[in-house]
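Residues per chain, in single letters:
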Amino acid sequence: MPSEIVLRPGRKADADEIARVMRSALSSFDWMPVVHTPEEDRAFISGHVLRHQKVTIAEAGSEIVGFIAVEGEWVEQLYLKRGWTGRGIGSRLLGHATAAMPVVKLHCFQANSGARRFYERHGFVAEVFGDGSGNEEKLPDIRYVRYRAGR
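In short, a report on the structure. Keep in mind it's a predicted model, so treat the numbers as computed, not measured. (Residues numbered from 1 in each chain as written. Predicted model: local features only at pLDDT ≥ 70, side-chain atom pairs only at ≥ 80, totals over all residues. Heavy atoms only, no water.)

Attention shifts here to the nonpolar core. Across soluble globular proteins, you tend to see nonpolar side chains buried next to one another. Formed by 24 residues in total, the largest nonpolar core has its most connected members in I68, V75, I89 and Y119. Take this core: its biggest share by element is four residues, from helix α3 (residues 89-98). Those residues within four positions of Y119 in sequence are excluded, and the remaining contacts are L78, L94, L106, C108 and F124. Ranked by size, the runner-up nonpolar core spans 13 residues in total, among them A15, I18, V21 and V55. (Core = buried A, V, L, I, M, F, W, Y, C linked by side-chain atoms within 4.5 Å. Buried < 20%, exposed > 50% of the residue type's maximum accessible area, 1.4 Å probe, protein only. Helix = DSSP H or I, 4+ residues; strand = E, 2+ residues; numbered from the N terminus. Contact = heavy atoms within 4.5 Å.)

Here you go:
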């Protein structure tokens, strides 16, 4: 297993592998409903994420092991392939992608206790608790926000 993780911009050619990373991450949760097919995941990544969001990839050797996608003030996607959490990769992606952002917002499912601890360790504060009516999974969520110090 390669020890060096390289961050680089996401490219259109990465769409299939990014979709597989997202699917791998989501399938690791027994509480997460499957609402899209793998083909729909690929279409979403290639047709929306890579076109409208700034995507940063984490690579170990030639393997994509995680990615983050940012649009405006929002972290829209942050996923690591199953088995790659707990190695500092998510922290590197988050720090890299949001370093120049005075305000960063994101949504997280309430059931995702690991992600909640991760975001709270990185200075995010729960701002709104939702009932799930605003997301397609229909799962209760949280809107987190982090303001740059000195704001």
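Moving on, there is more to tell.
Within the secondary structure, R8 sits in strand β1 (residues 5-9). Looking at R8, its side chain comes within polar contact range of the side chain of D14, at 2.8 Å. Ignoring any residue separated from it by four or fewer positions in sequence, one finds R8 in contact with D14, V55, T56, I57, E59 and I64. (Polar contact = N/O pair within 3.5 Å; in protein donor to acceptor, adjacent residues only side chain to side chain.)

When you tally the buried positions in strand β3 (residues 63-71), you get seven out of nine residues, the bulk of the element. The pairing of strand β2 (residues 54-60) with β3 spans seven bridges and is classified as antiparallel. By the bridge assignment, K54 is partnered in β3 with V70. The antiparallel hairpin formed by β2 and β3 contains two residues in its connecting segment, where G61 sits at a positive phi of about 65°. Relative to strand β4 (residues 74-80), β3 is paired through six bridges, and the arrangement is antiparallel. When the bridges of β4 are listed, A69 appears paired with Q77. Count of turn residues in the β3/β4 antiparallel hairpin: two residues, of which G72 carries a positive phi of about 60°. (Pairing = 2+ DSSP bridges.)

In the structure shown here, the tally under the stated rule is six aromatic pairs. With a centroid separation of 5.2 Å and an interplanar angle of 70°, the aromatic rings of F118 and Y119 are classed as edge-to-face. Exposure remark for Y119: the relative accessible area of 7% places this residue in the buried category. An angle of 45° between the planes, with centres 6.2 Å apart, marks the rings of Y119 and Y144 as tilted. One end of the pair, Y119, is in helix α4 (residues 113-121); the other, Y144, is in strand β7 (residues 141-147), with 25 residues separating them in the sequence. Exposure class is identical for Y119 and Y144. Each is buried. The side chain of R87 reaches across the aromatic face of W84, ending 4.3 Å from its centre. (Phe/Tyr/Trp six-rings, centres within 6.5 Å; stacked < 30°, edge-to-face > 60°. Lys NZ or Arg CZ within 6 Å of the ring centre and 35° of its normal.)

This part is about unusual backbone geometry. Despite not being glycine, K138 shows a phi value in the positive range, around 60°. Locating K138 in the fold gives a position in the loop between β6 (125-130) and β7.

Of the voids in this model, the largest pocket is the one considered here, and its volume is about 1,500 Å³. In this structure, the largest pocket is lined by 50 residues; those nearest its centre are L26, L78, Y79, F109 and N112. Secondary-structure elements contributing two or more residues to the lining of the largest pocket are α1 (15-26), α2 (38-52), β4, α3, β5 (103-109) and α4. Counting residues per element, the lining of the largest pocket draws most heavily on β4, at seven residues. Looking at the lining of the largest pocket residue by residue, the classes come out as 23 nonpolar, 15 polar and 12 charged. (1 Å grid on protein atoms, 1.4 Å probe; cavity = no way out; pocket = protein on both sides within 12 Å on 5 of 7 lines; lining within 4 Å. Points joined across faces, edges and corners; volume = space filled by probe spheres on them. Nonpolar A, V, L, I, M, F, W, Y, C, P; charged D, E, K, R; others polar.)

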